[in-house]
Structures are given as C-alpha cells and as structure tokens.
Amino acid sequence: MKRLLSILAIAAMLLALGAAAPYAGADPTDTPPAATETPASSATPSTTVYQYNSTGVDVYRIQLRLRELGFFMYKPTGSFQSMTVDAAIEFQKKQVDSDGNPIFTDGAIGPQSLGILFSTAAARADILVDIPFGGTSAQLSATGDLVLWSDVRELLSEGTAYTVIDCYTGTEFNMVFTGGENHAEMECATADDTAIYESLFGGEFNYSKRPVCLRVGARIIAASLQGEPHGAETLANNGHAGHACLYFEGSSSHVGSLPDIEHAAQVYRAAGR
C-alpha cells in the first residue's frame, strides 16, 4: 500500500511540473512580440516641410506621386529643385482642403499638401487637349536613315553642335549634344536656334514630338525631337531652360528603360516609313 501511495505521489509531482513549464517548442501565444522601432527614413514628422534643395528618399516618393498624378513629367531624382517646385505649385492649385477651400500654393510640400498628395482625394492634372502642334504635311521635306542609337552614340561628341533638320518644313537649326544614356540630350546652341525650335512646336514649348533628322558629318539620321526643355542645363544665354530629348532607332526612355512608342513612330516617319 505504501509503495502504491509513493508511486501516485511521484506521478502527481510530474504532472504538476509539466503544467508549470511547457515544452521548448511551444508558441507563447499569450506574449506579444517585441516592439520594433520604425526606421527614421520611413517616418514622416507632421511638421516636416519639403522644399527647394530638400533631398532624400521622401522627396523621391513625392516626385513619384506627383508624376503619377500628372504634375511631374520628369525622372524622379530625390532632389527638390525648380522643376519639383513648379510641379508642386501646379498640384497645389488643383487641391482644396476638407472644407473646400484652396490650399496654400507656395511650391513647398508641407503637412497640408503632403496629407492630400498621398490621399485618394488628390485631384489629378488636367489632360491637355489643345497642344499647339507646329506645321505638318503629307510630303516630307527631309528624310534620313534608320540608325541604332547605340551606333549614333559612338558618332556624337559631347559639347559639339549638330544641325537638326525638321522633316516637315526642311527648317534647319543647331543643337549641342550634352550627353545621354538611353537617348540623346540636346540643347539649342543659341537663342536664335531656340526661337526656331519653339516655332516648330507651334510657338510654345510643349510635350509633342516631331520627326527630324540629325546631320552628323555626311550622314543624315532619322530621329524624333521633343518640344519641351527640361532637366539639366549646361549652356547659358540660349533661352533653352534645360535639354530636349532626341530619340533614334532603339532609343528608350528614362522610365524603366522602356521604349517610347510615340518617339518610335516619329523616328520611322523621319525615315520615310
């Protein structure tokens, strides 16, 4: 009898110990995970103002969102410069607060603008319906050869002026090659060249594209020219605030290195196809 009581006592002790200490593989469902600190780069203080000369990943996100809404037409850089200021102003002009009142229009993205920018209530940019295209014609005055951008790039020298020929009118003017990875970046050589460039696009800078040819030595090469100066500027006193994109066969855009079908169509038009 004493032996049976001893066995029962030992069994009870083991059961009690097992209930008090779960085995090592058990998930502690009643204990919350340790708190993790939010990285400083992803935290946006409510008092932060992003303005001219601000830099960083948050500026990059702002530029992406402005581009998504149709206000920023350039490659995001993470640097808040004049083009971002202009885009911010155009964005702010379209927005109202919760009471329907216009918001501050100062070109800086502060708490008010930031709250609207990343909300579903953000108003998009108007779609342009009256781009003033320059003169066109069924009969081209000039055509060129289709040459791959990779080959054209080897022919061009940075800082050198080349003659651009408008395929519709035959008008010629000079542009300087200033670089470019996916396509050529060009600036008008003088203020007179800029005046011709602007006139070909209907008398004002805009995002339309025209078939042109580039004269490189004895070669005439089919291309497509955009009518809006933008981005970096290397030449002074030419009235051309930024550079213009010039596409060739096989050129691609800055956005994911994707092809631009509008430019591609104009390149083929410039080749007489």
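Small disclaimer: the values here were computed from a predicted structure and weren't measured. Every chain is numbered on its own, with residues counted from 1 as its sequence reads. Given that the model is predicted, a residue must reach a pLDDT of at least 70 before its local features are reported, and side-chain atom pairs must reach 80 or more before they are shown or counted; all residues, however, enter totals for whole chains, interfaces and linings. No hydrogens and no water enter the side-chain calculation; it runs on all heavy atoms of the structure.

### Re the sheet that holds strand β5 (residues 219-226)
We call two strands paired when DSSP finds no fewer than two bridges between them. By the criteria applied, helices consist of DSSP H or I runs no shorter than four residues and strands consist of E runs no shorter than two, each listed in order from the N terminus. Spatially, the six strands close up into a barrel ordered β1-β2-β3-β6-β5-β4, and their pairing is antiparallel. Averaged over all pairs of adjacent strands, the angle between their axes in this sheet comes to 45°, without regard to strand direction. Both strand β1 (residues 161-166) and strand β4 (residues 209-216) contribute to a ladder of four bridges, which runs antiparallel. By the bridge assignment for β4, Ile 165 is matched with Cys 213. A contact between two residues is defined here by any heavy atoms of the two lying within 4.5 Å. Fitting a line to C-alpha atoms yields each axis, with helices limited to the stretch in contact; the angle taken between N-to-C directions then spans 0 to 180 degrees. Its contacts with the sheet place helix α6 (residues 191-200) against β1, β2 (172-179), β3 (184-188), β4, β5 and β6 (244-247), and it is angled at close to 105° to β2. Contacts from helix α7 (residues 261-270) reach β4, β5 and β6 within the one sheet, and its direction differs from that of β5 by about 145°.

### Some details on the pattern of salt bridges
Within this document, salt bridges are pairs made up of a side-chain nitrogen of Lys or Arg and a carboxyl oxygen of Asp or Glu, the two lying within 4 Å of each other. This model, assessed by the stated rule, comprises nine salt bridges. Between Asp 260 and Lys 209 there is a salt bridge whose closest N-O contact spans 3.1 Å. Of this pair, Asp 260 sits in the loop between β6 and α7 while Lys 209 sits in strand β4, and the two are 51 residues apart along the sequence. It is possible to trace a salt-bridge network through shared partners that takes in Lys 209, Asp 260 and Glu 262.

### A look at the packing of aromatic side chains
Each Phe, Tyr or Trp ring (for Trp, its six-membered ring) is paired with any other whose centre lies within 6.5 Å, and the angle between the two planes then decides the class: stacked below 30 degrees, edge-to-face above 60, tilted in between. With the rule as written, the count across this model stands at six aromatic pairs. Judged by centre distance (5.7 Å) and plane angle (85°), the ring pair of Phe 71 and Phe 91 falls under edge-to-face. Taken as a pair, Phe 71 in the loop between α2 (57-68) and α3 (82-93) and Phe 91 in helix α3 lie far apart in primary sequence, 20 residues in all. Assigned by exposure class, Phe 71 and Phe 91 land together as buried. Consider the rings of Tyr 197 and Phe 201, whose centres lie 5.3 Å apart with planes at 55°: the pair is tilted. Burial here depends on accessible area, computed with a 1.4 Å probe over protein chains only, as a share of the maximum for the residue type. Under 20% is buried, over 50% is exposed, and the range in between is partly exposed. Judged by its relative accessible area of 1%, Phe 201 falls in the buried class.

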